[in-house]
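Here's the letter readout for the chains.
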Amino acid sequence: MKIGFIGLGNMGAPMALNLAKAGHDVAGFDLANTPPDGVAAATSAAQAAQGADVVITMLPNGAILRSVAQEVIPVMGPGAVLLDCSTVDVAAARDVAEIAEAAGCLAADAPVSGGIGGAAAGTLTFMAGGSAAAFSKVSPLFDIMGQKAVHCGPSGNGQAAKICNNMILGVTMIGTCEAFALADKLGLDRQKMFDVVSTSSGYSWTMNAYCPAPGVGPQSPADNNYQPGFAAELMLKDLRLSQMAAEAADADTPMGEAATQLYETFVENEDGLGKDFSAMLPRFASRRRA
Ligand code: NAD
């Protein structure tokens, strides 16, 4: 396929490279970065999109997605797919899809889970929203960039799945960290806490697979001085998107709201910026009851 790839940052560059390595004809554009070897350099987003079968975007937020979409949709041919893999607000995903479809294109939102390691290894999970026609046209590309793709329903549903998952993740990480901090103060050894909880009803991915306590459980960012991993500011971004969506949908999400406020304080007023999101454990451990 002829592919235009817009947004060649930490995630986009390795994803574009994997498509090129698999034999696709990829032209990339980024405001700040040059494409990796094997990906042709376009001089603008529109040039990357010109004549492409699929235009992939991997951008920081919904406002940027909206402006790039305005630039590329007019030059995309009928039946070409606009595939956004960024994490953006549900409203932006739905609006962009509507504009693309009104112009005779197909559209899919397919945010990812798996991080920079998954992007480089081609093992991302895609959660996709959009028409069946759009999903089936881009499925071969999901197979190259990832290990799993779930079609979650119409446009915006990929973003909905992503922010619901990450709201659970943020809330669960905070619960796990505050329980470890309480265990410390009760004189309960962290390893014993892990041994019990990881095989009891308090178990979770954050406890069992990504334990926030250094030296306990499998290797995780806690064992690397809380270097990300998944940075606290990216968790904050996703939690804020969950709260925007909850506001728009009139959904009551008190735990998501509390998690958003805690990560906001941690990133903006404390020392959380640049740390893994599991660094909530030393934060709680160093505090007293408010
Ligand atoms: P990044 O900041 O490294 O990359 C974004 C790129 O977009 C940058 O290179 C920037 O120069 C470029 N860009 C910005 N505006 C542009 C424009 N108008 N035209 C062309 N290029 C433009 O971010 P990233 O880590 O690659 O993340 C990309 C998306 O993936 C985000 O939405 C993020 O939330 C999501 N995501 C990231 C991770 C992760 O672990 N990094 C995991 C899952 C999802």
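Before reading on, note that the structure itself is shown above.
These notes cover the structure that comes with them. Quick caveat, the model's predicted, so the values are computed rather than measured.

Reading the values: rules and limits
- Residues numbered from 1 in each chain as written.
- Predicted model: local features only at pLDDT ≥ 70, side-chain atom pairs only at ≥ 80, totals over all residues.
- Heavy atoms only, no water.
- Core = buried A, V, L, I, M, F, W, Y, C linked by side-chain atoms within 4.5 Å.
- Buried < 20%, exposed > 50% of the residue type's maximum accessible area, 1.4 Å probe, protein only.
- Helix = DSSP H or I, 4+ residues; strand = E, 2+ residues; numbered from the N terminus.
- Contact = heavy atoms within 4.5 Å.
- Axes fitted to C-alpha atoms, helices over the stretch in contact; angles between N-to-C directions.
- Parallel < 35°, antiparallel > 145°, perpendicular 65-115°, else oblique.
- Left-handed = near helix turned anticlockwise from the far one by under 90°.
- Nonpolar A, V, L, I, M, F, W, Y, C, P; charged D, E, K, R; others polar.
- Phe/Tyr/Trp six-rings, centres within 6.5 Å; stacked < 30°, edge-to-face > 60°.

### Some remarks on the nonpolar core
Counting 31 residues, the largest nonpolar core has Tyr-263 and Phe-277 as the members making the most contacts within it. Those elements that provide at least two residues to this core are α7 (157-185), α8 (190-197), α10 (232-249), α11 (254-268) and α12 (280-285). Among the elements that make up this core, the one with the highest residue count is α7 (seven residues). In contact with Phe-277, not counting residues within four places along its chain, are Leu-169, Met-173, Tyr-210, Phe-230, Ala-231, Ala-232, Met-235 and Tyr-263.

### Concerning the environment of Ala-103
You can see Ala-103 is positioned in the loop between α4 (90-102) and β6 (106-109). In sequence terms Ala-103 and Gly-79 are 24 residues apart; their C-alpha atoms lie 9.5 Å from each other.

### With respect to the packing of α7 against α10
For any two helices packed against each other, the geometry comes down to the angle between their axes and how far apart the axes lie. Between α7 and α10, whose axes approach to 9 Å, the crossing angle comes to 120 degrees. For the element pair α7 / α10, the angle class is oblique. Read as a crossing pair, α7 and α10 show a hand that is left-handed. The segment α7 lies against α10, with Lys-162, Ile-163, Asn-166, Met-167, Leu-169 and Gly-170 engaging Met-235, Asp-238, Leu-239, Leu-241, Ser-242, Gln-243 and Ala-245. Considering only residue class, the contact of α7 with α10 consists of seven nonpolar, four polar and two charged.

### Side note on the packing of aromatic side chains
Overall, the coordinates contain five aromatic pairs when judged by the stated rule. Arranged with centres 5.8 Å apart and planes meeting at 45 degrees, the rings of Phe-135 and Phe-142 form a pair that is tilted. Each member of the pair, Phe-135 as well as Phe-142, carries the same accessibility label: buried. Among the aromatic side chains, those forming a connected cluster through ring pairs are Trp-205, Tyr-210, Phe-230 and Phe-277.

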